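# Tertiary structure, described
Residue-level listing of the chains:
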Amino acid sequence: MIGDADLNGTVEILDVTCIQRAINYIVTLSKEQTAAADSDQNGEVTIVDATCIQRYLSKLKLNDSQIGEYVTICIDA
Ligand SMILES: [Ca+2]
Ligand SMILES: [Ca+2]
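Attention here is on the structure that accompanies the text. Only a predicted model underlies this, so the values are computations on that prediction, with no experimental measurement involved.

What the protein contains, in helices and strands, is 3 helices and 0 strands. Shown N-terminal to C-terminal, the secondary structure of the protein runs as helices and strands in the order α-α-α. Residue pairs at least 24 apart in sequence account for 54% of intrachain contacts in the protein once pairs closer than 6 positions are excluded.

Now the structure itself:
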């Protein structure tokens with residue numbers, strides 16, 4: 001699910017925290033987590049992705065946002 005950086009099935013503030021930790025190299029995201037955390041789908045996990053999720057949680061849903069939607073995630077073997 002897009003935005004679900006910790007892969008627990010829901011998009012919540014913990015996912016924002018998870019992304020912030022990844023940006024600060026406190027934690028390392030798996031490929032699956034990285035794909036889910038990349039909320040704006042630009043290929044990299046940045047503070048913008050954390051901001052996108054915060055907006056989603058604040059109900060300021062972006063028109064082009066796929067946060068909260070299930071998508072098929074392609075992961076290289
Ligand atoms: Ca989550
Ligand atoms: Ca991104």
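Attention shifts here to the packing of helix 1 (residues 13–23) against helix 3 (residues 47–57). Working note: a packed helix pair is described by the angle between its axes plus the distance between those axes. Direction vectors running N to C along helix 1 and helix 3 enclose 170°, while the axes themselves pass 9 Å from each other. The angle between the axes of helix 1 and helix 3 places the two elements in the roughly antiparallel class. Taking contact as the criterion, the partners of I13, D15, V16, I19, Q20 and I23 in helix 1 are, on helix 3, I47, D49, A50, I53, Q54 and L57. Its residues placed into classes, the contact of helix 1 with helix 3 shows 8 nonpolar, 2 polar and 2 charged.

It is worth spelling out the nonpolar core at this point. Ranked by internal contacts, the top residues of the largest apolar core, which has 16 residues, are A5, I19, A22, A37, I53 and I67. When residues of this core are traced back to their parent elements, those giving at least two are helix 1, helix 2 (31–37) and helix 3. Leave out the neighbours within four places in its chain, and A37 touches A5, I19, A22, L29, V45 and D49.

Right, let's get into helix 3. For helix 3, every residue scored as buried is listed here: D49, A50, C52, I53 and Y56. The buried residues of helix 3 occupy one face: seen down the axis, they fall within an arc of 155°. The inward-facing, buried residues of helix 3 abut helix 1 and helix 2. Count one or two residues on from helix 3 and you reach K59, which has phi positive near 70°.

For helix 1, the complete set of buried residues consists of D15, V16, C18, I19 and A22. Down the axis, helix 1 shows its buried residues gathered within 160° of arc, on one side only. Its buried side turned inward, helix 1 meets helix 2 and helix 3. One or two residues past the end of helix 1 sits Y25, with phi positive at roughly 60°.

Okay, the environment of D49 next. As for its placement among the helices and strands, D49 is situated in helix 3. With 30 residues separating them in the primary sequence, D49 and I19 have C-alpha atoms 7.7 Å apart. Each residue touching D49, except ones within four places of it in the same chain, is listed here: I19, A37, D38, S39 and D40.

What counts and what doesn't
Residues numbered from 1 in each chain as written. Chains lettered and ligands numbered in written order. Predicted model: local features only at pLDDT ≥ 70, side-chain atom pairs only at ≥ 80, totals over all residues. Helix = DSSP H or I, 4+ residues; strand = E, 2+ residues; numbered from the N terminus. Contact = placed C-beta atoms within 7 Å. Axes fitted to C-alpha atoms, helices over the stretch in contact; angles between N-to-C directions. Parallel < 35°, antiparallel > 145°, perpendicular 65-115°, else oblique. Nonpolar A, V, L, I, M, F, W, Y, C, P; charged D, E, K, R; others polar. Core = buried A, V, L, I, M, F, W, Y, C linked by C-beta atoms within 7 Å. Buried ≥ 20, exposed ≤ 12 C-beta atoms within 10 Å, placed from the backbone. Arc of directions from axis to C-beta.

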